[in-house]
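Single-letter residue listing:
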Number of protein chains: 2
Amino acid sequence: MFSKRFAVQLQSCVRQFCTTKCLTANAQAFEYPSVSSKLVKELQGIVGQSNVSTAEAVREQHGHDESYHKSSPPELVVFAENVEHVSHVAKLCNNNNIPLIPFGTGTGLEGGINAIKGGVCLDLNKMNNILAVNQEDFDCTVEAGVSRQTLNSYLRDTGLVFPIDPGADASLCGMCATSASGTNAVRYGTMRENVLNLEVVLPDGRVFDTAGKGRRTKKTSAGYNLTNLFVGSEGTLGIITKATLRLYGIPECTASAVCSFPSVKNAVDTTVNILQCGIQMARIEFLDEVAIDAFNKYSKYDMKVAPSLFMEFTGNEGTLAKQVDLVSEIVNMNEGSDFKWAEEAEEKNRLWKARHDIVYACMALQPGSKPYSTDVCVPISRLPDVIVRSKELIDAAGIIGFTLGHVGDGNFHNLFLINDDMPDQKAKAIKLSKQIAKIAQELDGTCTGEHGIGLGKKELLLREIGEEGLEIMKQVKSTFDPNNIMNPGKVFV
Amino acid sequence: MFSKRFAVQLQSCVRQFCTTKCLTANAQAFEYPSVSSKLVKELQGIVGQSNVSTAEAVREQHGHDESYHKSSPPELVVFAENVEHVSHVAKLCNNNNIPLIPFGTGTGLEGGINAIKGGVCLDLNKMNNILAVNQEDFDCTVEAGVSRQTLNSYLRDTGLVFPIDPGADASLCGMCATSASGTNAVRYGTMRENVLNLEVVLPDGRVFDTAGKGRRTKKTSAGYNLTNLFVGSEGTLGIITKATLRLYGIPECTASAVCSFPSVKNAVDTTVNILQCGIQMARIEFLDEVAIDAFNKYSKYDMKVAPSLFMEFTGNEGTLAKQVDLVSEIVNMNEGSDFKWAEEAEEKNRLWKARHDIVYACMALQPGSKPYSTDVCVPISRLPDVIVRSKELIDAAGIIGFTLGHVGDGNFHNLFLINDDMPDQKAKAIKLSKQIAKIAQELDGTCTGEHGIGLGKKELLLREIGEEGLEIMKQVKSTFDPNNIMNPGKVFV
């Protein structure tokens, strides 16, 4: 037992050392060696020769997501078949100071998987088992490679569903890593509210369950909430290899309707009133007049070209009709049009498919162009302000831009069309995206509601949480990944 | 720019050092000096003479919560009036290696505030301003000392409510620190789902907002989820000085009913069926026959003495009636009795007051005794098993025990009556509590759903998350509190 005085000295020395370390841990000063042929052989020894690829096409496919960020292929791609593979690969990369980038489906929108520091891309798609579905408990456990639609197809006969829907058929563990959500977060929350436990592999090869091995309770107060620390960590702390998720009963009845409004504010006020009445909607989606126009042309609808709300009601026979009556009253009160209904399953599916196809609808207006999506979230009362101001900026910039919003959450996206042959379009889109994010931040909002920071929003994150907040996040990063090999160059400036 | 080779060496050295530090950081080997008269003067200099107390009565009042753990008074109590006070006090304690224990209302149930290592208790009740209520955005921001009931009285005319209700009139930041919940978590979730941002003071005096200064969005993917790292951290990482919380519209109509069942299993099956149908209940509370008997005697009811469900329905006129019809069908299907209704506001309040008075009702059965509450949570399908087995253990132990459950969440409590004059009762209660927690853990459950680890469940936490998980939590702790001054001796063995 050392003396009190010595204890105090040692602790303050440790603290100073720790702080210094943390301040440098994520600095760009970090250097990474290239992957040696020796290391390639060692990786082949772990996962088997056929699970290591240096083929240009494979590297290229793993070097980018669906965003505007230019491709940065990894030096090689490793396919893991089980958690032991992941653990050994992580340990080997950590011991050799090689960047390691977990890869799901590559459907991200902020360049989260681009290998900007080289290194190894770890593809988890071969880990695709649905390990458990506990119908009575409304939960399931899946491996890293299982996608949202795969799970829901598997659940078809159980009367249960995993409702979080970002649009893309992303891998569920990838959705954990970016804290995804989407159109029905207003009803079911985001990934943060729907993950009960995660199996995680740390860079040093340690494997652990964030809530304890096999735990799957809806509530817990047992120790720190490590589960939600990994949800949204974008592959910078460790590799998520397994997720235990909440499931929900499929509502007995659903109905969908669209109505239009004289202004953005009327549409948002309608949403606020609906929430104030405690009416539970499955979805409330906002589309501006530009998006509605594209929507009509692409999906052969004849909606009024005006700011509109797409709504989905769920409930039981009887309760549904009552909800609809109440919402109709609120819509009328806010000068909204009558509902345009989609009651038959087929018509409902067509409507929501069209809503999800909006990106393609917009792209059709400028053939050969790619979409660029912004993603900000503000307190709902600030929505009209930020949407109107962003539309003014878009008009002034002179590019085609659409506004879609998960309006019940205060989260909305502008979609810009950018054509690689017109470099000024991309430059304008990037500039607009930053301007709109800054407006959101000035209105108590965030620069990202569901896409994450990735490569594209590192300066905006600093602006949002300040030097202090960033330093603290870096300290957390250093705790789990002291060598900074996990997806380096992302999230932090 | 140092060489790659040096970088690798430095990093692995840092990592080794860090790990060693982390492994020792929370060990009981930590030594703390006594609070010197010099330090008392320095504290008086920060908060003013009247805000520092060494009076025995004050220290005694701050040395224990409402649990069975024996009182451990702090060496002195400091009352903070603002965040600057908190920051300077924290820094001073940190520099002098003095334990610092944040204090809200002392209504915890696991000895979370007992000053077992001596040091300074920091009472936050003078920081009691409601800083903002944003009605349209369904959020508010409160200082550390604002209690749940104070906030809801303040909200009375807004049509909004903060629904999380642990029973006690706890401080809201204290509820954040323990990740509290209660009877209506089945509808609104726990604190984890309802905190948008926290102002936190770290032991070194740094003040930061976990989601960035002034942010209050319903969704964010901007960096690590530090908010949920501090929710449930039990004062071991820093001091929560401000919370931004979600609010909800008060439902247009509510109705409450009670019905009884032939067995625990029928009551739980009823709950599962209700959830499967996606029917949204505000509360589903289970009481066993022993609790119902006490309930009848204390609150002058004549409920059938059998396992029972207390339910609260909320909705709009019309939707409510339909919900009730559906639930009635499900209850009949599971051999439940007809509903005993409480429709008038007065009768409803009387019913739920009686439900919340259950502790006193139970205590009345053995005058002079104190309650001892267990708190486990399991996947809902495991509830009948763990409840039945716990009742067998209670009968075998020969003490009076009641079972109450937030059954929609799989969370339930056994209440034991212990009399200080009968030491064997306390010993039996502690033993039973451990036995029941271990059964829950064997059934994929947790040793605490909402009370936290505190002093009482440190070994159970180790059992639940394993050496690996505990080491990782200790690493996180060391990152924020390298000198281990924040509420030392809690959570970690």
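Position numbers for residues count from 1 along each chain, tracking the sequence in the order it is written. Chains and ligands are labelled sequentially in the order written, the chains with letters from A and the ligands with numbers from 1. The predicted origin of the model limits local features to residues at a pLDDT of at least 70 and limits the giving and counting of side-chain atom pairs to 80 or more, whereas totals for whole chains, interfaces and linings rest on all residues. Remark: hydrogens and water are excluded; side-chain values derive from all non-hydrogen atoms of the structure.

S.K.: Can you walk me through the packing of helix 14 (residues 383-397) of chain A against helix 15 (residues 423-442) of chain A in this structure?
M.R.: In helix packing, the relevant descriptors are the interaxial angle and the interaxial distance, both defined with respect to the helix axes. All names here are of chain A. For the pair helix 14 and helix 15, interaxial distance at closest approach is 10 Å and the crossing angle is 160°. Considering their axes alone, helix 14 and helix 15 lie roughly antiparallel with respect to each other. Helix 14 and helix 15 meet at a crossing whose hand is right-handed. From helix 14, V386, R389, S390, L393, I394 and A397 reach across to helix 15, where they touch K428, L432, Q435, I436, I439, A440 and E442. Lys, Arg, Asp and Glu make up the charged group, whereas Ala, Val, Leu, Ile, Met, Phe, Trp, Tyr, Cys and Pro make up the nonpolar group; the residues left over, Gly among them, are polar. The residue inventory of the contact of helix 14 with helix 15, partitioned by class, reads eight nonpolar, two polar and three charged. Convention adopted: a line fitted to C-alpha atoms gives each axis, helices being fitted over their contacting stretch, and angles between N-to-C directions are expressed from 0 to 180 degrees. Only runs of H or I of at least four residues qualify as helices and only runs of E of at least two qualify as strands under DSSP, and these elements are numbered from the N terminus. Small angles under 35 degrees read as roughly parallel and large ones over 145 as roughly antiparallel, with 65 to 115 read as roughly perpendicular and the rest as oblique. If you view the pair so one helix is near and one far, a crossing is left-handed when the near helix is turned anticlockwise from the far one by less than a right angle, and right-handed when it is turned clockwise. Residues are treated as being in contact if the distance between any of their heavy atoms lies within 4.5 Å.

S.K.: Where do I start with the pairing of strand 19 (residues 411-418) of chain B in this structure?
M.R.: Regular strands place their side chains on alternate faces of the sheet. Residue and element names in this part refer to chain B. The buried fraction of strand 19 amounts to eight of the eight residues, a majority that puts the element mostly inside the structure. The two faces of strand 19 match: N411, H413, L415 and L417 on one face and F412, N414, F416 and I418 on the other face are all buried. Strands qualify as paired when DSSP identifies two bridges or more between them. Both strand 17 (residues 376-377) and strand 19 contribute to a ladder of two bridges, which runs antiparallel. Within strand 19, the residue paired with C377 across the bridge is N411. Counting the residues in the hairpin turn of strand 18 (residues 401-406) and strand 19 gives four residues, including G410, whose phi is positive at 75°. Relative accessible area decides the class of each residue, using a 1.4 Å probe on protein chains only: under 20% of the type maximum gives buried, over 50% gives exposed, and in between gives partly exposed.

S.K.: Can you walk me through the interface of chain B and chain A in this structure?
M.R.: At the junction of the two partners, chain B supplies 113 residues and chain A supplies 111 residues. Each partner contributes to the roughly 9,500 Å² buried at the junction of chain B and chain A, and carbon and sulfur atoms together form 58% of this total. Summed over the three residues of chain B that lose the most area to chain A, namely B:K219, B:S221 and B:Y224, the buried surface amounts to 10% of that side. Here, a salt bridge means any Lys or Arg side-chain nitrogen found within 4 Å of an Asp or Glu carboxyl oxygen. On the surface where chain B and chain A come into contact, there are eight salt bridges. Note that A:R216 is salt-bridged to B:D444, the shortest N-O span being 2.9 Å. Two N or O atoms form a polar contact when they lie within 3.5 Å of each other; inside protein one atom must be a possible hydrogen donor and the other a possible acceptor, and for residues adjacent in sequence the pair counts only when both atoms belong to side chains. The interface formed by chain B and chain A includes 39 residue pairs in polar contact (both at pLDDT 80 or more). Of all the secondary-structure elements, those providing two or more residues to the side of chain B that touches chain A are helix 1 (4-25), helix 7 (185-188), helix 8 (191-194), strand 9 (207-209), helix 9 (226-230), helix 10 (264-276), helix 12 (319-333) and helix 17 (458-480) of chain B. Here the side of chain B that touches chain A gets 13 residues from one element, more than from any other, and that element is helix 17 of chain B. Class assignment for the residues of the side of chain B that touches chain A results in 40 nonpolar, 43 polar and 30 charged. Here's the idea: put two parts together, see how much 1.4 Å probe accessible area each one loses, and the total over both is what we call buried area.

S.K.: How do you make sense of the relation of the copies chain B and chain A when you look at a structure like this?
M.R.: In summary, the two copies of the chain are related to each other by a rotation about an axis coupled with a shift along it. The copies are overlaid by a least-squares fit using only the C-alpha atoms of residues whose pLDDT is at least 70 in both copies. Mapping chain B onto chain A leaves a residual RMSD of 0.0 Å; the transformation is a rotation of 180° accompanied by 0.0 Å of translation along its axis. The relationship between the two copies is best expressed as a two-fold rotation axis. It is B:T319 whose C-alpha, among those of chain B, lies nearest the rotation axis, at 2.1 Å. Interface residue correspondence from chain B to chain A reaches 98%, placing this contact among same-surface, isologous pairings.

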